[in-house]
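Observations on the three-dimensional arrangement
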Amino acid sequence: MTNELKGKVNYSVNGNIAILEVDNPPVNPLSSGVRAGLAEYIVKANEDDAIEGIILTGAGRSFIAGADISEFGQKSDGPDLHTTLKDIEFSKKPVLAAINGTALGGGLETALVCNYRMGTNKAIVGLPEVNLGLLPGAGGTQRLPRLIGPSQALKMMIAGTPMSAKKALQQGIIDAISENSLMEDAIAFLQEKIGSSEHPKVRDKNEKVLEARGDENVLAEAKALAAKTRRGQFAPGQIIACVEAAINEDDFDVGMKKESEYFLECLMNPQREAMIHIFFGERAASKISDIPKDTPLLPINSAGIVGSGTMGGGIAMNFANAGIPVLVLDQDEKNLERGMGVIEKNYQMMVDRGRMSQEQKDMVMGLITPTLTYDDLANIDIAVEAVYENLDLKQEIFKKLDTITKEHAILASNTSGLDIDAIAASTSRPGKVVGTHFFSPANVMRLLEVVRGKDSSDETMATVMSLGKKMGKAAVVSLNAPGFIGNRMLAGYTYQANMLLLEGALPNQVDSALESFGMSMGPFRMMDLVGLDLGWRARKLAKMETPLANKISDALCEQDRFGQKTSKGFYNYSEGSRAPNPAPENEAIYKEISEQNKIERREISDQEIVDRCILALVNEGARILEEGVAQRSGDMDIVYINGYGFPIWRGGPMFYANQQGLSEVINKMKDFSALDENFWKPAPMLKWLAEESGTFGEAPAPEERAELLSFRNTNMGGV
Ligand code: 3H9
């Protein structure tokens, strides 16, 4: 293979069988060199008279993780994938895919052009392209429906969730599971088939697609599923169109041609770029730029959670799901009982919905042990404190944990805003103290802000990031600064929503505009869900004057309109329902408060609503970047998508700003500054990037930022 090509294929011979092993660590994507290797060796094996069968497998832990995602939108060398797969499909000698690990996307599509498929019991197969704004474009939309039926195939491709070998065998995606040596079993399997005059090809299996022809439900159900689970996304509709072709076209190759056309449309769609940004962004976020990759990890074989409330219970479930035994501590027996009951109920719900087997539920429940005694935490490797937000209480708990737990144990706080350094100061091991800010419900939400205190050690940080990955979280590092990343950005967003209300918009209009933009929930629905009374009570307690932006919500609280908990807030709610109904009785309050504050109410466009709320996120994000609180702009995108319902297909607020162009973002802020000059002052980093490079992608590394901004202050007359 030539050197410039990425990845390779190893060729070896075992008797009459050629073995093609994809070798492109760490996950074997179909990069240029892999395609070239497959193309070359499939011909070689076919031309060698001594070879009677071919096995295709992967080196390391993966079979093939799909097309090389980094090649999308780039010029790529090497043969094209379709031609290579056709050569495999029309091989004169039978080909068996020996699936040694993950066969995803183009990886499963490669297996589907083989005559036979065998997996280890740990193998995983799936077509997750939809998560990247794509469709399975190497025949997956045509072959999978032929194997498992269009209805199942659509579910699998729209969900994009991989399945186990066991399930793949049940569904008929693979032909056999190897319980021992995959290669020995694969060779034995293929030897048996070598004598046959015909070897099956998935493209010829038409029975299941013909059965679905004329059945309108198949596509209608898929459309309903896509609308419910993938609102605003382009790729699911394209997947459905491909399967429609698989069902209705008599000629397999016509379906393939359509798949290629629809794939290209996905490739050109901006959603694809946004979603691939998130794929790589999540992996980038998991790395801490100044911590060496080979930093030793501390062992995490047991955990203890302090607090059995909603958060504590959810966090405990994360540990159990990751296979780590966890103690849940509460000093109140009733609370503990209630907390364990909630955990059990959550798991039962998963069993009822078919997301977990009873056996799995028993296993995870068996890993969670309630306790009323701190001494039981003596041998844990990590403690996560999840009690209510009170510094004195948290310091007291950390002091106790510090004396009880072993020296190596990490002590983490789930605080959503308190000072981690102040908490760490109550212990004798500040290096082992860290913030783990989970989002509610913690067993569902993927975001985990890992808060780095001034003394948090490299080992502690690396261990907690690795633990986050084990739990399937999108872990992002934040410095210990007020509001960390997510809530700090949120403050400007909700401020703008509240100001829009004072200026003439109604909650419903603001929410609809932002939900049409793609947010999973508008700000007023969100405030009603969280409870308007929290801020109101805090302000009263602090004897604080209500800031202008909060005047309306405080006035609603004075009328016992706390949000969903009292069935009325910005909206009205019927008994037992979370569906918001307009509350026309509030409009007099809005008008009165606008009038009292001399704000003239006016018609506000949906575009202005979206721009003001989203650009508020962007400007604060730029400040966060400037201060080094977040490592990179992409980290804030990961935070917003996984914790705040920002649409993945827009790539997060900072990526959205890049796509708008930072100069355009600044122009809009200039327009808004007539409304509020102070709020709309562009962050220096934003101004600098708009002038220098135009995107956040070019933001300088944290260590260069201070220098750069001081340079601008002295040389450019300040920013
Ligand atoms: C496709 O196949 C389209 C076709 O239908 C049509 C074509 C015409 N390419 O996740 P990890 C990198 S679309 C390039 O941390 P894990 C990843 O960035 C593709 N690079 O490991 C990371 O790099 P770094 C459909 C890839 O063990 C490193 O590998 N396939 C690719 O936690 C390790 O990754 C998918 O969507 C790739 N395809 O999880 C599958 N995959 O070390 C995408 C990974 O520099 N991949 N990398 O940060 C995954 O879901 C997970 O990576 C996998 C392993 C489960 C495989």
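Residues numbered from 1 in each chain as written. Predicted model: local features only at pLDDT ≥ 70, side-chain atom pairs only at ≥ 80, totals over all residues. Heavy atoms only, no water.

1. Observations concerning the overall build of the protein chain
Counting secondary structure elements, the protein chain contains 30 helices and 18 strands. A compact globule built from 719 residues would reach a C-alpha radius of gyration of about 27 Å, and the protein chain, at 28 Å, matches this within 12%. C-alpha extents for the protein chain along the principal axes are approximately 90 × 60 × 60 Å. By residue count, 55% of the 719 residues in the protein chain fall in the buried class. Computed over 75 positive and 97 negative side-chain charges, the separation of the two mean positions in the protein chain equals 2 Å. (Helix = DSSP H or I, 4+ residues; strand = E, 2+ residues; numbered from the N terminus. Rg over C-alpha atoms; globule rule 2.2 N^0.38 Å. Buried < 20%, exposed > 50% of the residue type's maximum accessible area, 1.4 Å probe, protein only. Lys, Arg positive; Asp, Glu negative; His and termini not counted. Charge placed at Lys NZ, Arg CZ, Asp CG, Glu CD.)

2. So, the sheet that holds strand β6 (residues 102-104)
Taken together, four strands build an open sheet; the order of strands is β4-β6-β8-β9 and the sheet is mixed. Where the open sheet ends on each side, the last strands, each with one partner, are β4 (62-64) and β9 (163-164). Across the sheet, helix α3 (residues 106-113) touches β4, β6 and β8 (124-126), and the angle it forms with β6 is around 90°. (Pairing = 2+ DSSP bridges. Contact = heavy atoms within 4.5 Å. Axes fitted to C-alpha atoms, helices over the stretch in contact; angles between N-to-C directions.)

3. Digging into the pattern of salt bridges
Under the counting rule described, the total for this entry stands at 31 salt bridges. Across the salt bridge formed by Asp 290 and Arg 452, the nearest N and O atoms sit 3.0 Å from each other. Remark: Arg 452 occurs in strand β17 (residues 447-452) and Asp 290 occurs in the loop between α12 (270-285) and β11 (303-306); sequence separation between them is 162 residues. Here Lys 394 ties to Glu 389 by a salt bridge, and the two come within 2.8 Å at their closest N and O atoms. Connected via shared salt-bridge partners are Glu 89, Arg 143, Arg 203 and Asp 253. (Salt bridge = Lys/Arg side-chain N within 4 Å of Asp/Glu carboxyl O.)

4. Considerations on the site of the ligand
The ligand sits among 27 residues. The nearest are Arg 61, Glu 109, Glu 129, Arg 283 and Lys 287. With respect to the ligand, the backbone of Ile 69 contributes an N or O atom lying 2.9 Å from a nitrogen atom. Separating an oxygen atom of the ligand from a side-chain N or O atom of Lys 469 is a distance of 2.8 Å. Coverage of the ligand by the protein chains reaches 77% of its 1000 Å² of free accessible surface. Contributing elements (two or more residues each) for the shell around the ligand: α3 and α12. No other element matches α12, which puts three residues into the shell around the ligand. A per-class count over the shell around the ligand returns 16 nonpolar, four polar and seven charged. (Near = heavy atom within 4 Å. Polar contact = N/O pair within 3.5 Å; in protein donor to acceptor, adjacent residues only side chain to side chain. Areas by Shrake-Rupley, 256 points an atom, 1.4 Å probe, with all protein chains shown as cover. Nonpolar A, V, L, I, M, F, W, Y, C, P; charged D, E, K, R; others polar.)

5. A closer look at a positive patch on the surface
Taken together, the side chains of Arg 61, Arg 283, Lys 287, Lys 293 and Lys 469 make up a positively charged region of the molecular surface. With respect to the helices and strands, the residue Lys 469 is situated in helix α18 (residues 458-470). (Patch = residues over 30% accessible without salt bridge, like charges linked within 9 Å, V, L, I, M, F, W, Y side chains within 5 Å.)

6. Digging into the nonpolar core
Grouped burial of nonpolar side chains is what soluble globular proteins tend to show. The biggest cluster of nonpolar side chains holds 77 residues, and the ones touching the most others in it are Ile 485, Leu 514, Phe 570, Ile 614, Leu 686 and Phe 696. Counting 68 residues, the second-largest nonpolar core is a separate cluster that includes Leu 56, Ala 123, Val 130 and Ala 222. (Core = buried A, V, L, I, M, F, W, Y, C linked by side-chain atoms within 4.5 Å.)

7. Brief notes about the pairing of strand β3 (residues 53-58)
Along any regular strand the residues' side chains alternate between the sheet's two faces. A large share of β3 lies buried, amounting to six of its six residues. Across the two faces of β3 the burial is the same, with Gly 53, Ile 55 and Thr 57 and Ile 54, Leu 56 and Gly 58 all buried. Handedness of the crossover joining strand β2 (residues 17-23) and β3 through helix α1 (residues 32-47) is recorded here as right-handed. In the sheet, β3 pairs with strand β5 (residues 95-99) via three bridges, with the strands oriented parallel. Directly across from Ile 55, in β5, lies its bridge partner Leu 96. (Right-handed = clockwise from strand over helix to strand, strands pointing away.)

8. Focus: the confidence of the model for the protein chain
The pLDDT averaged across the protein chain works out to 94; a share of 97% of its residues lies at or above 70. Every residue in residues 711-719 scores below 50 in pLDDT, and together they form nine contacts with partners more than four places removed in sequence or on other chains. (pLDDT = per-residue confidence, 0-100.)

9. A short note on the domain arrangement of the protein chain
What the domain assignment lists for the protein chain is domain 1 (8-268), domain 2 (303-482), domain 3 (505-510 + 520-596) and domain 4 (606-715). Distance between the C-alpha centres of domain 3 and domain 4: 29 Å. (Domains from an automatic or database assignment.)

10. A short note on a nonpolar patch on the surface
A contiguous nonpolar surface patch, about 260 Å² in accessible area, is contributed by Leu 529, Val 530 and Leu 534. Following the sequence through the fold, Leu 534 ends up in helix α22 (residues 533-541).

11. Examining the state of the cysteines
Applying the stated criterion to the full structure yields zero disulfides. With no disulfide of its own, Cys 242 has Cys 266 as its nearest cysteine by sulfur position, at a separation of 7.6 Å. By relative accessible area, Cys 242 is classed as buried at 0%. As a non-bridged cysteine, Cys 613 has Cys 557 as the owner of its nearest cysteine sulfur, 20 Å distant. (Disulfide = S-S within 2.5 Å.)

12. What about the sheet that holds strand β12 (residues 326-329)?
Read from one edge to the other, the open sheet built from eight strands follows the order β13-β12-β11-β14-β15-β16-β17-β18, with strand pairing classed as mixed. Two strands in the sheet have a free side with no partner beyond their single neighbour: β13 (368-371) and β18 (474-479). Between one strand and the next, the sheet's axes are offset by a mean angle of 25°, whatever the strand orientation. Where strand β16 (residues 433-438) lies against β17, four bridges are found, and the strand directions are antiparallel. What sits directly across from Phe 438, in β17, is Leu 448.

13. Quick word on α1
For α1, built from 16 residues, the straight-helix expectation of 22 Å at 1.5 Å per residue is met to within 8% by its first-to-last C-alpha distance of 23 Å. Along α1, 12 of the 16 residues are buried, which leaves the element largely enclosed by surrounding structure. Those residues of α1 that sit buried are Ser 32, Gly 33, Val 34, Arg 35, Ala 36, Gly 37, Leu 38, Ala 39, Tyr 41, Ile 42, Ala 45 and Asn 46. (Expected span 1.5 Å × (residues − 1).)

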